[in-house]
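One letter stands for each residue in the lines below.
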Amino acid sequence: MSAPTGELALVDLLDRLLAGGVVLTGEITISLAEVDLVHVSLRALISSVSTLLEEGDAGA
Amino acid sequence: MTLTYLYAVVPAGAPVPAVLGVDAEEPRLVVAGALAAVVGSVAAERFDEAGLARALEDMRRLEELARAHHGVAAALAEHGPVAPVRLATVYRDDDGVHLLLRERAAEFAALLERLDACREWGVKVWLAAPRAARPEPATAANGRPGTDYLLRRRAAREAGTRRREHGAAVADRLHAELARIALADRVLAPQDPALSGRGEEMVLNATYLVRRSDEEAFSGAVAEASTAAGDEVAIVPTGPWPPFSFATVADG
């Protein structure tokens, strides 16, 4: 299934999903919560965004 | 073996969302009293601590997770109040979720009451990229190219400062106006240009909790500001969102 055009920008989604939502101490996420979830994910994002852009160019 | 992934809390009696969840599973409800938790049974190897850590470090997986999590919350929001839960909240089984609903019933009920009949709307403001400098018309009598160059440099610098001040003023005025209309507001961190794909300077990244009855006034204020701001400022609304940015309960 291909993504519809005009789908939500990932960056706008992550603004809300990583920094928003009711924060609960889920039983599995206890130690993940100690690491800053937002920073872990954004670091991953920023480091991989250039890779994605390159792949996108290659596929164009 | 499966774990219980928690998406959101809604009033008991809310319909089960007809979308697939973060592990392509069908979401279901765990009901306790007047509340229901919307959960999914997900594979332990992908959603235990190590699995989640891997997913959050992998942009493709993170995106799939985020879109699926949002999709469930958005489907719920079409039918009534929803208190979305932070991405990647996982319990060993339904018992943990039952306990949560029972222990924090009053907080969730108060939150759902506050969020009822509201939606979240985002507004982003960027300075537009400066127009390419027009080539200076060559003047025949111009015998001082060095001076002209310095004057042009200074003019460009001053224009940049003016643009920035104009953009900041537009953003401040707009935010004040929207915050007046909204039930609540939050200013988010400016987006990283690498993620937004926009090289311009972001001067506002805000989000608002707006009563449905005030949405017309809200979008009217955004449209009016866009018209008034001219082409030096780009005002970009997003939404409606499930009220992620306003789903907060007291710690404890």
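Residues numbered from 1 in each chain as written. Chains lettered and ligands numbered in written order. Predicted model: local features only at pLDDT ≥ 70, side-chain atom pairs only at ≥ 80, totals over all residues. Heavy atoms only, no water.

A. Seen up close, the side chain of Glu120(B). In this fold, Glu120(B) is placed in strand E6 (residues 118–127). Residue Glu120(B) is classed as buried on the basis of its relative accessible area, which comes to 0%. A polar side-chain atom of Glu120(B) sits 2.8 Å from a polar atom in the side chain of Arg16(A). Here Glu120(B) is in contact with Arg16(A), Thr207(B), Tyr208(B), Gly239(B), Pro240(B), Trp241(B), Pro242(B), Pro243(B), Phe244(B), Ser245(B) and Phe246(B), once residues within four sequence places are set aside. (Helix = DSSP H or I, 4+ residues; strand = E, 2+ residues; numbered from the N terminus. Buried < 20%, exposed > 50% of the residue type's maximum accessible area, 1.4 Å probe, protein only. Polar contact = N/O pair within 3.5 Å; in protein donor to acceptor, adjacent residues only side chain to side chain. Contact = heavy atoms within 4.5 Å.)

B. Geometry of the packing of aromatic side chains. Residues and elements named next belong to chain B. Scanning all chains against the criterion turns up three aromatic pairs over all chains. A centroid spacing of 5.8 Å and a plane angle of 80° characterise the contact between Tyr5 and Phe47, whose relative ring orientation is edge-to-face. In this pair, Tyr5 sits in strand E1 (residues 2–11) while Phe47 sits in helix H1 (residues 44–47), placing the two residues 42 residues apart along the sequence. Residue Phe47 is classed as buried on the basis of its relative accessible area of 0%. These aromatic residues form a ring-pair network of at least three members: Tyr5, Tyr7 and Phe47. Between Arg198 and the ring centre of Trp126, over which it is positioned, the NZ or CZ distance is 4.0 Å. (Phe/Tyr/Trp six-rings, centres within 6.5 Å; stacked < 30°, edge-to-face > 60°. Lys NZ or Arg CZ within 6 Å of the ring centre and 35° of its normal.)

C. A look at unusual backbone geometry. Residue and element names in this part refer to chain B. The omega torsion across Gly239 and Pro240 is 5°, close enough to zero to call that bond cis. Topologically, Pro240 is positioned in strand E9 (residues 233–241). Residues other than glycine seldom take positive phi values, yet Ala117 does so here, at roughly 65°. Residue placement: Ala117 occurs in the loop between helix H5 (105–115) and E6. Taking the relative accessible area as the measure of exposure, Ala117 reaches 44% and is therefore partly exposed.

D. Representation of the nonpolar core in the model. Tyr5(B), Val22(B), Phe47(B) and Leu87(B) are the most contacted members of the largest nonpolar core, which totals 35 residues. Among the secondary structure elements, those contributing two or more residues to this core are helix H1 (10–17) of chain A together with E1, strand E3 (35–43), H1, helix H2 (49–57) and helix H3 (59–77) of chain B. The greatest single-element share of this core, amounting to eight residues, is contributed by H3(B). Leave out the neighbours within four places in its chain, and Tyr5(B) touches Val22(B), Val38(B), Val39(B), Gly40(B), Val42(B), Phe47(B), His69(B), Leu87(B), Ala88(B), Thr89(B) and Val90(B). One finds Ala37(B), Val85(B), Tyr91(B) and Ala247(B) within the second-largest nonpolar core, a separate group that totals 25 residues. (Core = buried A, V, L, I, M, F, W, Y, C linked by side-chain atoms within 4.5 Å.)

E. Representation of the interface of chain A and chain B in the model. Taken together, the 37 residues of chain A in the interface contact 52 residues of chain B. Between chain A and chain B, a total of about 4,000 Å² is buried, with carbon and sulfur atoms accounting for 65% of that surface. Where chain A touches chain B, the interface holds two salt bridges. As a salt-bridge pair, Arg16(A) and Glu120(B) come within 2.8 Å of each other at their nearest N and O atoms. For the pair chain A and chain B, the number of links is 14 residue pairs in polar contact (both at pLDDT 80 or more). Among the elements that make up the side of chain A that touches chain B, the one with the highest residue count is helix H3 (residues 37–59) of chain A (twelve residues). For the side of chain A that touches chain B, the class distribution of residues is 22 nonpolar, eight polar and seven charged. (Buried area = accessible area lost by both parts, 1.4 Å probe. Salt bridge = Lys/Arg side-chain N within 4 Å of Asp/Glu carboxyl O. Nonpolar A, V, L, I, M, F, W, Y, C, P; charged D, E, K, R; others polar.)

F. Summary view of the packing of helix H6 (residues 145–181) of chain B against helix H8 (residues 215–229) of chain B. Residue and element names in this part refer to chain B. Between H6 and H8, the least distance of the axes is 10 Å, while the angle of their chain directions is 165°. In terms of orientation, H6 and H8 fall into the roughly antiparallel class. Of the two elements, H6 crosses H8, and the hand of that crossing is right-handed. In this structure, H6 uses His166, Val170, Leu174, Glu177, Leu178 and Ile181 to contact H8, whose residues at the interface are Ala217, Phe218, Ala221, Val222, Ala225 and Ala229. Its residues placed into classes, the contact of H6 with H8 shows ten nonpolar, one polar and one charged. (Axes fitted to C-alpha atoms, helices over the stretch in contact; angles between N-to-C directions. Parallel < 35°, antiparallel > 145°, perpendicular 65-115°, else oblique. Left-handed = near helix turned anticlockwise from the far one by under 90°.)

G. Layout of the pairing of E3(B). Residue and element names in this part refer to chain B. Most of E3 is tucked away, with eight of its nine residues classed as buried. Here E1 runs beside E3; their pairing, made up of nine bridges, is antiparallel. Among the inter-strand pairings, Val9 is bridged to a residue of E3, identified as Ala37. (Pairing = 2+ DSSP bridges.)

H. Region of the structure containing the confidence of the model for chain B. Looking at chain B as a whole, its pLDDT mean stands at 90, while 93% of the residues score no less than 70. Both confidence scores are given for the complex: pTM 0.84, ipTM 0.84. (pLDDT = per-residue confidence, 0-100.)

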